[in-house]
Structure formats: C-alpha cells, structure tokens
Amino acid sequence: MTNTPQRDAESRKQDAQFRFVLWVGAILGVFLAAARVFALREAMSGGGVGQNLALLARGLGQDWLIVLVLTLVFTALVRSANGGALGRLFTILFGALATVVLLIGLANLVALRMLGAPLTMDWVAYSDLAHTDVALDYMRRVVSAKVIMVGVGSIVALLGSAAVLARGQSGIVPKLMMGLMAFAVIAGFAQRSRSAGVSVARLQNPIVAFATSVGRDSGIQGLDGLAADQSGLAMPFGPSDPLPRPGRPVKPIRNAIIFAYESTPANQVKSWTGPHDVTPNLTAILDRALAFDRAYAHVPASNYFLVSAFAALIPELSPISMLASWPDLDTIFVPEVMRANGLRTAFFNSSDNRFQDTEGLVSAAGFEQVSDYRDWDCETGVYEYASVTDKYLNTSSDLCTVTQIIKWIEQRPDLPFFLSFRTGMTHYPYFPGENPQDYVPDETYNDYLNALRVGDEAFGKLMSYLDQSGLADETLVVVLGDHGEAFGQHGTYVHAAGINEENVHIPMALVNPQLFNGTRSDLFVGVADIGPTITDLLEFPTPSSWQGRSVFAEGRKNGILFFSPWNGFLVGYREGDEKFIYNGNTGEMALYDLAADPGEIDNLAAARPKQAAAARDKLGVAIAAHNQYIDWLLAHSGAAEQDQAEADEIEIAATGMSFKSPPEGWVMMDGEHVGGFKLTSAPSNADQAVTQAEIDAAITTFHLPVSAGPCPRNIELFFLNDEWAGEGQTGDTDLFIRSVKFAGTTYYFNRFTPLHERVGGVSGDYFRFWRNGGIRIDLDLDQSCLSRDLVQQ
C-alpha cells in the first residue's frame, strides 16, 4: 500500500510523456502541412478544392509517414519505459528529432526557392565543399535573420504548445489527428502514378531526397541501353541553312580574344532580350559584329564552359567536370593549336583560379600564362566573400583585369596572341562595384545588374584599346556569356539548377571590322564551336578530332544539345523552335514551342503525347551520338581503360561470424550466375560470442570477374549457409555485407533491397544476413545507357 502513491506518480508521468509525444507528432504534422502548402502555393492557386487536396496529400505522403513512424516508435518506447528517467530520455530524444525534422522541412523551402528541388548529394558534390560553387553559399545568404526567427519561433511553438496540451487528461485529439495523417499518407501514395501537374521533386520529402541520393550516380539510373541502330556520330537534327562566309580580309587576322561575361544569359543583355540597358558597350560594338540569336552553353556551369571552349566538345554527360574525371585526356586543345601557329597565349580571370581548379584545367589546356586577381594590385581593392564552404570566391574589379591584359599585350606587341578573359563580378554573390545604380528594388538582382555593367565597361575598355592601338582590324573577338543565370524563373536561382532558356541561352557575337558589319544570325551555335570558328577565320588547320564546327562550315545542324546533372539528370535539346527537356531521375518530360512561348510557361508534353514521344526518341539518338564521340575520344586517349577495368568485376566488402562453417555468398547479375565467395576469416562464435571489433577486423574484399552486358541493371547477392545453435546459444553463422562496387560506383546498405522476408537487416555499417536469402542492388546505369531507354520508351 505504501508504494501506491509512488506508482500513481510514475503512471501520471508516463501518461504525460505519452501525451507529449503524441502532441508533438500531431503538431509537427500541422507545421509540415503548412510548409507543404507554402511550397505548392503556385501549383494550387488555379486548382479546385478536390484537385488541391489530392496534390497536398501526395506532397505530404512522405512527410507524414516519417512523422507517423517516429511517433509510433517513441510512444512504444515511452510506454515500455514506465515513466522515470528512461521515459524522460525518450521524450527528450523525440522532441529533438521532431525539431530536426521541422527545421529540415523549413530549410527545404529555401532549397525549393533556389533549386526547385530538395538538396541532394548531387548538389553537395557540385558545391564540393573544397571547390564550392554557388548553391550552398546562396542558401546561406537567403537564410536571413527573418528566416532564423521563423525557425526559432516554430520550434518554440512546437514544443511549447505540445507541453501545454499534454497537461490535459485525454490523448484522443492527437490520436484522431494521427489517424487523419495515416489516411492522407495512404491517399498520397495511392496517387503516385498519376500526373501531379508539378515537378516530382517539389513533392519529395527532403530527408528522403537526400538519403536516396547518397551513392547514386546523379540520376542516370533507370535509363537503359544505347540505341542499337546508332552507328554514326551525327546528331539527329535537321540541316541548317549555311551561313555565308565573309570574304578574305585585307589585313590578315593575326590575333584572337575570347571575352566571356560570367553568368550572363541572353535575357539579361539589352541587344538580345534583356530589359535593362547595362551593356551599352556590347551594344555599340555590334555594328562591326556577327551576332547569334540562338547561341547556347552546353552545360550551365563555369568549369564545363572551359572544357567546351578549349577542348571544342560537348562535355561528357557526367556530374563531374570531364578534365577532373580524365586528367590525362589526350586531346588537342585550342590554346595548343594557337601556340603551334606562333601565337602567345594567356588566360586571365578576375576571380580566383583555384575555384573549381580553374588553374589546373586551363594549364592542362596549354595556356602559357595563367593569371588571376592575386597577380596584380587593384586600385578599387578586392571584393572579398566569406563563403560558408570555400575561400575561393574573392574577385577584383573586371576593369583592373583588363588593365593587366593590355599590359600583357604590350609586352610583345610584335607577336600575335590568343587570350581568354572571363569576368568575375557577375558570379554569385554578385559584386556591384563602385557607385552602383538603382535598377530594380530586389537587392540581389540589382547587385547582379551593376556587376554586369562593370563587366561591360571592361569590355568597352578592351575594345577601345584595340581601336587606339591599331589592333582591331587584325583581331577576332569572340564575346559571349559563359552560361546563364536564373532569378526565380521556373522556381530556381543561380545557374546550374536547370536547362531552361535563362540557364543555357547566351549572347554571342564575332567582332572584327574587316569581316562583319552588324548582321545577325539565327544559326544554332554552341560553346564547342568557338575553337573551330577561330581556327577557321585565322586560317589555321582545324583538328579533325574536334566535335565543334566552325559556324561557317557546311552541313551544320539545326539543333543543339545541353544538360545539367545536378538537379535530377536534366538532358535536352532545341531544334528550330522545339525545346525538349528530360529528367533522368523522374522520367518527367517538358516540351515547349519557343516561337509561341519563349518563356517556357506552357509544357505541351501531356497535351501532345506523340510529339513528346518523338522528341524523347530524338533525344535518345542525340545522346547516343554524343556518347559514341566521347567513347571514341577516351578510347583514343587511353583514358577509358581504368573505367572499363572497374566494369569487368564486382567488388564485395564483407565480413561475418562462423558457427560450424564460414559464411558463404553467391552473386548473380541480371539473372546470370557470376560466382561465389567464402569468408574464411570470419571469427568463430561456436564457444563464445564475438565482438564487433572482431567482426570488423575480419572484413575481406572479394573481386569477382564478370562479363557484363552493355547495360547491366541489377546485382543479386545470396547468403547460402545460415547455421544457428538455438535459443540462448552463441553459435550462429551470419554474413555481413559492407559494400558492393561495380563500374566505379559503390553501393551501401541503403541501396540493398531484401528479396525475402526476415532475411536480414541493417546492423551498424553493414547489411546483416541472419537467414538464407538474397538482396538486390539496382545499378546506377552508365551514361551510355541513356539513349536506348529514351528511344525504346
């Protein structure tokens, strides 16, 4: 009897803890629902009530499933603890996890605003943390004090309101809310196969999106096979009308300059479709130029621009820059051709050449001099940016860089030269320069426009020098944007998140007063065509290995290929006025008629299924042609040998423990037998239990030769000899799989799918087989497999 009050107190504590967990879960579900409504507000603005509820249920499916699972697990743990210190610990832990889930949900709103999709490992790899691009730093900037206050307020509201409501005597209300959430989860998952009218990425839970991206080869998975009938290297686009070649100049063209406006799309330049007059010097020079209205970057990223411009090719379909993947690539670079023909060569950058290893890339391309802002003093100083992930975003004024270019030319004015200059101030975080003007209310966009104005002043300064020094007549200037930049169009910011027009459509012009007189062309031109055009006009031999072609060459195509592999593997083309975009992650398609819809607002894929299917087939053929060129290039340079060697074997890292016999495994690929392995190093537990340290020490790597087909789809791994001494005994033969590696990609337990019930589960860093049975690993398909899937489907 004396213990009754104590038991009653413990029971009340347990009930209060139980109700607190329920209320936290229920209120967390409400907060996530509010966040999801905010994320989908534009898509829901024009829909009916039923349509919006269905869309919301689909968007909340993963969100609320996570909440339900966490809540059910912790209510069970709290009940089992019978109150007391352990119950309090479980309650605190649940509150902490709920807080993390809430903050991730709120942070996802920032990611959706910038990228149009949740943050994934693809974006982390793109930002690289050691050679960062703009994505993570932009997120830091948009996370303002107001956003932080919202986050703190949400946490206080979540935990505070749950604590107050948990003092009540009934848990019926949160239970009913949980039931409603469960119903919505079922309804949401039931509609997953239906068209949502919104990007699938916007509906994905950020935790799920990030977790499933770990170990994935940037979304090329699920796309099968090289088109069997593609034996040539030609793109499948129709022919374009030939561009008249200018007559031979009176003065030979001796020099060439590539002037690249950093992060500058056509829709920001007045002489193309830009609304603000911030590039008057470029406009003024067009009366002695040939301007292109359909010029495109193949990839909206700075380091990929360098590959296209200096190697004269469309980069490899990969989330890693081609020269980073193949540092020993044996190809002929544009600067090498210039040097072979007696030209001095130099590369100038207003920013830091250590950023994304620009220094290594352009040095490998053959430039004799490689310079950046660290090599000179600038009167206006250095614009410094304390990046959250990197220190290589500092920039000096583009005007100072032009001063250094002029000094370099004047060192040997008697020698012809080839130089490339990429401005820096228009790269995020946008340095507006001295005396910024007020163009627009948005501070970030206004900084960008002022930075573009300074870059244009630098261009004007360089062109004036060429005029005054008498070099203009004998110098070919290629002026262009290296890629685009987005400011909220299609739900993204900066440049690498998409391949819409703002990301890849760039201004481009060839400038020389002897050759051109202000004409414009609608010829499709890519960055890969710059090198061949320069060698053509300077009358140098053009390497036959180059993929790009002079703009004056016969037989050019009326279309262009581009891609961005960091936000789902986006691949697309434009042919004539038809624009097609395919997402390799989700299978989503976008089809636009740019003549009627230059802003790419009306996706015609659903309304015109036959045209979309034909476009998908055409994209498959284009990718096949491109991959064949890349394969040929790598084969001739020997760079592909290591990658092929990795594709000729399956590497398994495994350990285990042995009872009567060592654990044994068997491997199959696409239903064909590969071979088996035996873990003779596994410690014995016949007489006593083994420690985790003993299991870890026994890890062994097995290399199984395999004759894989052109596009292997899955690997199956089976545990063959489960042995168990019985309840209460130590003897047990189990197999632990740490990882499986194939074709350069390593797969961990998060990619293993059990083929049988209760065959095993995750144990620390391993998948542990405790019953005979198997797992399946769906492989990330190689880029060369992309086109067959596109054509066949």
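Here we take up a nonpolar patch on the surface. Taken together, the side chains of Leu65, Val69, Val73 and Phe189 define a hydrophobic patch exposed on the protein surface, amounting to about 300 Å² of accessible area. It is helix α3 (residues 49-81) that provides the largest number of residues to the nonpolar patch, a total of three residues. Structurally, phenylalanine 189 is set in helix α8 (residues 172-190). Residue class for phenylalanine 189 comes out partly exposed when judged on its relative accessible area of 32%.

Let us now look at the packing of aromatic side chains. The description of an aromatic ring pair uses the distance of the two centres, along with the angle that the planes make with each other. Overall, the coordinates contain 29 aromatic pairs when judged by the stated rule. Between the aromatic rings of tyrosine 383 and phenylalanine 431, the centroid separation amounts to 5.5 Å while the plane-to-plane angle is 15°, which identifies the pairing as stacked. One end of the pair, tyrosine 383, is in strand β5 (residues 382-383); the other, phenylalanine 431, is in the loop between β7 (417-422) and α17 (443-469), with 48 residues separating them in the sequence. What makes tyrosine 383 buried here is its relative accessible area of 14%. Ring geometry for phenylalanine 719 versus phenylalanine 769: centroids 5.9 Å apart, planes at 40°, classification tilted. Linking phenylalanine 719 in strand β21 (residues 714-719) with phenylalanine 769 in strand β27 (residues 766-769), this pair joins segments that are 50 residues apart in sequence. According to the relative accessible area criterion, phenylalanine 769 is buried, its value standing at 0%.

In this section: the state of the cysteines. Under the criterion given, the structure shown has one disulfide. Each sulfur in the disulfide pair cysteine 378 and cysteine 400 lies 1.9 Å from the other. With the S-S bond torsion at 70°, the cross-link from cysteine 378 to cysteine 400 turns out right-handed. Taken together, the residues cysteine 378 in the loop between β4 (369-371) and β5 and cysteine 400 in helix α16 (residues 398-411) connect sequence positions 22 residues apart. Of the two residues, cysteine 378 and cysteine 400, both sit in the buried class.

Next up on the list: α3. Of all the bends in α3, the greatest measures close to 45° and is centred on glycine 61. Trailing α3 by a residue or two, asparagine 82 shows a phi angle of about 55°, which is positive.

The next point concerns the packing of α16 against α17. The geometry of α16 relative to α17 is characterised by a closest axis approach of 8 Å and an angle of 20° between their N-to-C directions. Regarding the angle of α16 to α17, the classification is roughly parallel. Considering only the axes of α16 and α17, their crossing is right-handed. On α17, the residues that touch Asp398, Leu399, Val402, Thr403, Ile405, Ile406, Ile409 and Glu410 of α16 are Val454, Gly455, Glu457, Ala458, Lys461, Leu462 and Tyr465. The residue makeup of the contact of α16 with α17, split by class, is nine nonpolar, two polar and four charged.

In this section: the side chain of asparagine 394. Mapping asparagine 394 onto the fold places it in the loop between β5 and β6 (395-396). You can call asparagine 394 buried: its relative accessible area is 12%. If near-sequence neighbours (up to four positions away) are discounted, asparagine 394 is found in contact with Ser351, Asp352, Tyr373, Val382, Tyr383, Glu384 and Tyr385.

It is worth spelling out the pairing of strand β14 (residues 570-575) at this point. A large share of β14 lies buried, amounting to six of its six residues. For strand β13 (residues 559-564) and β14, the ladder comprises six bridges, and the chain directions are antiparallel. Within β14, the residue paired with leucine 561 across the bridge is tyrosine 573. Once β13 ends, the chain turns through five residues before running back antiparallel as β14, passing glycine 568 with a positive phi of about 80°. In the sheet, β14 pairs with strand β15 (residues 578-583) via six bridges, with the strands oriented antiparallel. Looking across to β15, one finds that leucine 570 is bridged to asparagine 583. The loop that links β14 with its antiparallel partner β15 comprises two residues; one of these, glycine 576, has a positive phi angle of about 60°.

The subject of this paragraph is the pattern of salt bridges. Considering all chains together, one arrives at 23 salt bridges under this definition. The partner of arginine 245 in a salt bridge is aspartate 536, and the shortest N-O contact between them spans 2.7 Å. Note that arginine 245 is positioned in the loop between α10 (206-213) and β1 (255-261) and aspartate 536 in helix α19 (residues 530-537), a separation of 291 residues in sequence. With a shortest N-O distance of 2.8 Å, glutamate 501 and lysine 579 are connected by a salt bridge. Here glutamate 501, found in helix α18 (residues 501-504), pairs with lysine 579, found in strand β15; they are 78 residues apart in sequence, far enough to count as distant. Connected through salt bridges with shared partners, the residues Arg294, Glu501, Arg574, Asp577, Lys579 and Glu600 form a single ionic network.

Moving on: the sheet that holds β7. Across the sheet, eight strands lie side by side as β4-β3-β7-β1-β8-β11-β2-β12; this open sheet has mixed pairing. Two strands bound the open sheet, and with one partner strand each, they are β4 and β12 (519-526). Direction aside, the axes of adjacent strands within the sheet are offset by 15° on average. Here six bridges tie strand β3 (residues 344-349) to β7, and the two strands are oriented parallel to one another. Bridged to phenylalanine 348 within β7 is phenylalanine 421. In the packing of α19 onto the sheet, the strands contacted are β1, β7, β8 (475-481), β11 (505-511) and β12, and the crossing angle to β8 comes to about 165°.

This part is about the environment of alanine 496. Along the polypeptide, alanine 496 turns up in the loop between β10 (493-494) and α18. Residue classification places alanine 496 among the buried positions, given a relative accessible area of 0%. Between the C-alpha atom of alanine 496 and that of histidine 483, which follows or precedes it by 13 residues, the distance is 9.1 Å.

Once that is clear, we can look at unusual backbone geometry. Here the amide bond leading from tyrosine 428 into proline 429 is cis, since omega sits at 20°, within 30 degrees of zero. As for its position among the elements, proline 429 is in the loop between β7 and α17. With a phi close to 60°, glutamate 539 is a non-glycine residue in the positive phi region. Among the secondary structure elements, glutamate 539 is positioned in the loop between α19 and β13. Judged by its relative accessible area of 46%, glutamate 539 is partly exposed. Positioned with a positive phi, glutamate 600 is a non-glycine residue whose angle comes to about 55°. Looking at the element boundaries, glutamate 600 is found in the loop between β16 (589-593) and α20 (609-637). Overall, the relative accessible area of 2% leaves glutamate 600 in the buried class.

Rules used throughout
- Residues numbered from 1 in each chain as written.
- Predicted model: local features only at pLDDT ≥ 70, side-chain atom pairs only at ≥ 80, totals over all residues.
- Heavy atoms only, no water.
- Patch = residues over 30% accessible without salt bridge, like charges linked within 9 Å, V, L, I, M, F, W, Y side chains within 5 Å.
- Areas by Shrake-Rupley, 256 points an atom, 1.4 Å probe, with all protein chains shown as cover.
- Salt bridge = Lys/Arg side-chain N within 4 Å of Asp/Glu carboxyl O.
- Helix = DSSP H or I, 4+ residues; strand = E, 2+ residues; numbered from the N terminus.
- Buried < 20%, exposed > 50% of the residue type's maximum accessible area, 1.4 Å probe, protein only.
- Phe/Tyr/Trp six-rings, centres within 6.5 Å; stacked < 30°, edge-to-face > 60°.
- Disulfide = S-S within 2.5 Å.
- Bend = angle between axes of the 7 residues up to and from the residue.
- Axes fitted to C-alpha atoms, helices over the stretch in contact; angles between N-to-C directions.
- Parallel < 35°, antiparallel > 145°, perpendicular 65-115°, else oblique.
- Left-handed = near helix turned anticlockwise from the far one by under 90°.
- Contact = heavy atoms within 4.5 Å.
- Nonpolar A, V, L, I, M, F, W, Y, C, P; charged D, E, K, R; others polar.
- Pairing = 2+ DSSP bridges.

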